[in-house]
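Survey of secondary and tertiary structure
As a plain string of letters, each chain reads:
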Amino acid sequence: QVQLVESGGGLVQAGGSLTLSCAISGRIFSHYLLGWFRQTPGKEREFVAVISWSEPKIFYADSAKGRVTISRDNTKNTVNLRIYSLKPEDTAIYYCAADKTGVIHTRSSSYDSWGQGTQVTVSS
């Protein structure tokens, strides 16, 4: 089991950019996948992006394509999510999650470990 801690959230003006980070502790195996999700009140947790720990396989949600970049640093055990051209509708709690199956999933139920989340608020 791995432990995840998100950071980097905050208040940002619409049109701006923000980088979220996920610090990972515990044992990370090469087949692990690290994903980012977001959630707003009254809605299901929504998939944003996922990246494999070894070979950098990357998959983005359709809604995130063109405005999001996911990356990982295997040396520092971190996964970052860069969001640009932020919109008020991007306001949400953003979570990082780990999936040990080795298969890319977009459903939150497929992920085993979760961070506590970091709040992103985009003002107009």
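Definitions and limits used
- Residues numbered from 1 in each chain as written.
- Predicted model: local features only at pLDDT ≥ 70, side-chain atom pairs only at ≥ 80, totals over all residues.
- Heavy atoms only, no water.
- Phe/Tyr/Trp six-rings, centres within 6.5 Å; stacked < 30°, edge-to-face > 60°.
- Helix = DSSP H or I, 4+ residues; strand = E, 2+ residues; numbered from the N terminus.
- Buried < 20%, exposed > 50% of the residue type's maximum accessible area, 1.4 Å probe, protein only.
- Lys NZ or Arg CZ within 6 Å of the ring centre and 35° of its normal.

Some details on the packing of aromatic side chains
Throughout the structure, instances matching the rule amount to seven aromatic pairs. The interplanar angle of 25° and the centroid separation of 6.0 Å between the aromatic rings of F47 and F59 together place this pair among those described as stacked. Note that F47 is positioned in strand β5 (residues 46-52) and F59 in strand β6 (residues 58-60), a separation of 12 residues in sequence. Looking at F47, the relative accessible area reads 8%, which means it is buried. Aromatic pair Y95 and W114: ring centres 6.3 Å apart, planes at 80°, arrangement edge-to-face. Pair noted here: Y95 is in strand β9 (residues 92-99) and W114 is in strand β10 (residues 113-114), with a separation of 19 residues, a long-range link. According to the relative accessible area criterion, W114 is partly exposed, its value standing at 26%. Each residue in the set F37, F47, F59, Y95, Y111 and W114 is aromatic and connected to the rest through ring pairs, giving one cluster. Above the plane of the ring of Y95 lies R45, whose end atom (NZ or CZ) is 3.8 Å from the centre. Stacked on the ring of W114, the Lys or Arg R45 has its end atom at 4.8 Å from the ring centre.

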